[in-house]
Structure formats: structure tokens, C-alpha cells
Amino acid sequence: MTTAPIPRFPDGFLWGVSTSAHQIEGAADEREPSVWDAFTAEPGRVKDGSTAAVACDHYHRHREDVALLAGLGVAAYRFSVSWPRVRSPRGLDFYDRLVDDLCAAGVRPVPTLFHWDLPLGLDWLRRDTAERFAEYVSVVAGRLGDRVRKWITLNEPAEHTLLGHALGTHAPGRRLLFDALPVAHHQLLAHGLAVRALRAAGATDIGIANSHGPTWAASEDGADVAAAEFYDVLLNRLFADPLLLGTYPAGLGELMPGDVEADLSVIAEPLDWYGVNYYAPARVGAPRDTETDFSGVRMPAELPFSLREIEGRPVTDFGWPVVPEGLTELLTAFRDRYGDRLPPVVVTENGCAYDGLDDQDRIAYLDGHIRALHDALTAGVDVRGYFVWSLLDNFEWAEGYARRFGLVHVDFTTLARTPKASYRWFRDVLRAQR
Ligand code: BGC
């Protein structure tokens with residue numbers, strides 16, 4: 001790992017950390033159920049058989065977590081508002097307190113309005129879920145909008161579509177393959193309606209957190225190149241083109257439900273900034289004729305591509321390759337692809353799964369990615385912020401508690417929080433930027 005100081009970022013650059021409600025809050029009996037509660041109750045769905053009923057118990061310990069944020073010295077905290085909690089009596093009171101405590105600690109609250117915990121009974125295959133979402137967003141904005149300036153509509157509609165509805169490894173556990181496309185459309189519509197609802201409530205700083213990554217062809221062979229281009233369409237273009245260009249990539253609009261042209265004018269409501277979650281690039285080849293297992297996700301043979309290992313790189317505990325320059329490549333490619341249509345970019349998630357309190361490998365990962373982000377700035381990309389995933393070890397979806405992404409260790413028996421070496425390292429990086 002290089003020891004040279006991290007280069008200086010522009011004044012006002014927004015440094016933060018991210019979490020999500022279902023992964024940290026616990027207090028599941030003090031809210032309505034979500035699709036994730038139903039999913040984790042099914043045997044075999046979560047690898048260690050765990051649930052998020054308690055998780056980090058952040059709901060009851062949020063003061064301690066706000067103190068950890070203040071000690072870290074971040075300017076902003078990205079958390080998510082749980083829609084099922086807002087539907088329950090006094091649910092919004094919790095976010096009211098959290099936002100007050102963050103403001104008192106000098107940490108800017110950046111709520112995400114949907115991070116996969118859909119209220120049980122709602123369904124993204126149905127169009128009216130988008131309308132219900134906009135109503136809920138109006139309620140949240142009405143309550144928190146006097147103190148919250150920066151809003152995020154959705155987290156990673158791509159992963160929620162792919163893992164939750166196409167492959168079935170996340171809630172709600174459907175394996176619809178390409179029949180899952182309406183789920184993407186309805187989430188994008190929900191985003192556009194939410195932007196309108198937020199603007200109606202006076203918000204002026206609205207973004208989304210989309211997962212993106214470079215897609216590299218496994219070889220120069222035409223079949224591999226075509227498969228990689230297709231994967232780029234699915235992961236990158238399908239979720240960015242409608243927002244930034246007001247169109248679907250060729251061939252996909254026809255597969256979407258409803259009056260797609262009219263919906264696209266809602267989906268393309270101008271954004272104030274564009275959030276990118278980046279973890280690793282994908283190496284993509286032609287389809288394989290049998291099912292494959294990729295980083296714990298079963299990939300059916302019917303898919304028109306297959307994912308391959310990226311060799312010669314260190315990997316995280318998740319098996320994901322560590323490729324910092326992939327972040328520079330991604331952001332410069334987005335700038336080239338979308339030009340003036342791309343608003344300022346914020347990296348809304350970046351991080352890695354490693355065990356241990358002396359987590360030098362996490363420090364190396366973050367160090368490399370922050371430098372790569374600075375390279376994107378130097379190359380002329382208008383980057384305005386960077387958020388580490390995550391503040392705390394937490395409920396890592398289908399992996400349960402086995403994958404630890406936190407700057408702060410959580411003992412899931414005692415719920416004790418212990419800052420890791422990476423927490424102190426990031427605190428020092430932030431101090432040097434002041
Ligand atoms: C999600 C997080 C998740 C992280 C690591 C992102 O896809 O937004 O909820 O914990 O990746 O898997």
C-alpha cells in the first residue's frame with residue numbers, strides 16, 4: 001500500500017458513510033413487515049439462517065452510532081428510511097429523532113427512501129407500487145424536509161431487479177429472468193414520481209444511488225464481446241439511460257409495461273446529482289451451457305452471458321476482485337457517454353468485506369479507491385462526494401452476518417461497537433482534508 005498522502009479534494013467535497021435501515025435497525029417488532037422479513041423466514045434463503053430482527057439494534061442505539069459518526073468526522077451520513085416503519089404508528093418519530101441528533105452533531109442527514117425493504121403485500125411487478133411510493137415519499141418529506149436537504153430516491157434498482165426478481169437470491173425471491181423487466185420499469189417510474197413529490201415539498205438536492213461497474217469482455221472473441229456489451233446494457237444503460245437520456249436502450253422499451261413514452265418523461269425528471277455505488281468491474285463471457293455459481297449467486301444457463309473471474313487481483317472475503325482503477329474507468333466512461341446530461345456525481349457506496357479489527361486490507365481497498373476517485377476528478381469528471389459502505393458491520397442480505405463491511409465492528413451477541421483500524425485511518429484522511 002502506498003503511504004503518500006491522499007491528494008486534496010476540492011473544498012466542499014462531501015465525505016460520508018452509508019448504511020441501510022433493514023441492515024442495521026433491528027426492532028422488527030416495532031414496524032410493519034417487509035418482503036425481507038418474509039424471505040428470511042424461509043429456510044435456506046439466508047446462508048447462516050439469520051434474520052435482521054435485531055441486526056445492530058440501531059433503532060435503540062442510534063445515539064451511540066451518531067457519536068461514532070461525529071468521532072469519525074464525516075460531513076454526511078447516508079441512511080435509509082424504512083417504508084414499513086413509516087407505515088407503523090410512531091415510525092416517523094424515529095427518523096425525526098435521528099435527523100435531530102445528526103444535525104446537533106454537525107453531520108448532514110442524507111436519507112435514501114427505498115433500500116429494498118418493500119412493505120409486505122406490495123409488489124414491484126405492479127404499477128401502483130410506484131404511486132404508493134410517491135405518496136410515502138410526500139409523507140416523509142413533509143416531516144423531515146425542514147432539516148433534510150439532500151435526498152436519495154432509490155438504492156440500486158438494478159440489484160433489486162436482478163437478485164430479487166430475476167435470479168431469486170434476494171427478497172422477494174422470484175426467479176423470473178427477463179420477465180422481471182417490469183420491476184425495473186416500475187422502480188424507475190417510482191423514482192420519477194418521487195422526484196416530483198420531493199420537488200413539490202421544496203427539495204432542491206435530489207439524486208439516486210445506482211450500482212454500476214465497467215464490464216470487461218472475457219476475450220476478444222466476438223461472442224464474449226457481445227455478451228459483455230449486453231451485460232453493460234443490463235447493469236449500466238438500463239438504469240442510467242432512462243434517467244439521463246429519457247430513453248431505454250434499443251430493444252428494451254418494447255418489453256416494458258404500460259405507456260412507456262409517457263412514463264419516460266416522468267422517469268427523466270432532471271436530477272441535481274447522480275449517485276454511483278461501485279464495488280468491482282465484471283468480466284463477462286459468452287453463455288455457458290450449465291448453471292454456474294458466481295460469488296455465491298447461481299447463474300442460470302439461460303442467461304445470454306456468463307460471469308468470469310478477474311484473475312491476478314486480491315479478492316475480498318466476498319470473492320470480489322479489488323480493482324480501484326475500475327472506478328476511474330467507470331466515471332470517465334459515464335462522462336464520455338452522457339456528456340452534459342450527466343449531473344455532478346457522488347459515489348454513494350464503496351467498500352469491501354473483510355474480517356478483523358486490524359483491517360489493513362480494508363484500508364488498502366479504500367486508499368486505492370479514493371485515489372482512483374481523485375484520478376477521475378483530475379480527468380475532468382465533476383465528482384462531489386464519496387461515501388464508504390459501511391459505518392457498521394451489518395446484516396449482509398443473503399449472506400447474513402458472515403460478511404463484514406463496517407469501519408466499526410459489531411459483536412452480534414453483545415451488540416458492542418468497536419472501531420476498527422480503518423475507522424481511525426478514515427478519520428485521519430478526513431482530518432487531513434479539512
Ligand atoms: C447494497 C448494500 C450492500 C452492499 C454490499 C450494495 O449492493 O446497496 O446494501 O450491503 O452492496 O453487498
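Reference entry: report on the structure contained in this document. (Residues numbered from 1 in each chain as written. Predicted model: local features only at pLDDT ≥ 70, side-chain atom pairs only at ≥ 80, totals over all residues. Heavy atoms only, no water.)

## Quick word on the pairing of strand β2 (residues 76-80)
Part 1: Counting buried positions along β2 gives 5 out of 5 residues, so the element sits mostly inside the fold.
Part 2: By the alternation rule, side chains of β2 split into A76, R78 and S80 and Y77 and F79, which are all buried.
Part 3: Here strand β1 (residues 14-18) pairs with β2 via 3 bridges, running parallel. Directly across from V17, in β2, lies its bridge partner Y77.
Part 4: Sheet topology places β2 next to strand β3 (residues 108-114); 5 bridges connect them, and they run parallel. When the sheet's bridge partners are listed, Y77 is paired in β3 with P109. (Buried < 20%, exposed > 50% of the residue type's maximum accessible area, 1.4 Å probe, protein only. Helix = DSSP H or I, 4+ residues; strand = E, 2+ residues; numbered from the N terminus. Pairing = 2+ DSSP bridges.)

## Observations concerning the side chain of Q187
Part 1: Following the sequence through the fold, Q187 ends up in helix α8 (residues 181-200).
Part 2: Those residues in contact with Q187 that lie beyond four places of it in its chain are F114, W124, L154, P157, H160 and T161. (Contact = heavy atoms within 4.5 Å.)

## Brief notes about the packing of helix α7 (residues 157-167) against α8
Part 1: Across the interface, α7 lies against α8 with an axial gap of 9 Å and an inter-helix angle of 150°. Accordingly, the angle class assigned to the pair α7 and α8 is roughly antiparallel. The handedness of the crossing between α7 and α8 comes out as right-handed. Seen from α7, the contacting residues are P157, H160, T161 and H165; seen from α8, they are V183, A184 and Q187.
Part 2: Here the residues of the contact of α7 with α8 are counted per class, giving 3 nonpolar, 4 polar and no charged. (Axes fitted to C-alpha atoms, helices over the stretch in contact; angles between N-to-C directions. Parallel < 35°, antiparallel > 145°, perpendicular 65-115°, else oblique. Left-handed = near helix turned anticlockwise from the far one by under 90°. Nonpolar A, V, L, I, M, F, W, Y, C, P; charged D, E, K, R; others polar.)

## Some words on the environment of E30
Part 1: Structurally, E30 is set in the loop between α1 (21-24) and α2 (35-40).
Part 2: The class of E30 is partly exposed, set by a relative accessible area of 34%.
Part 3: Spatially, the C-alpha atoms of E30 and R85 are 7.5 Å apart, while their sequence positions differ by 55 residues.
Part 4: Excluding residues that lie within four positions of it along the chain, E30 makes contacts with Y59, H60, R85 and S88.

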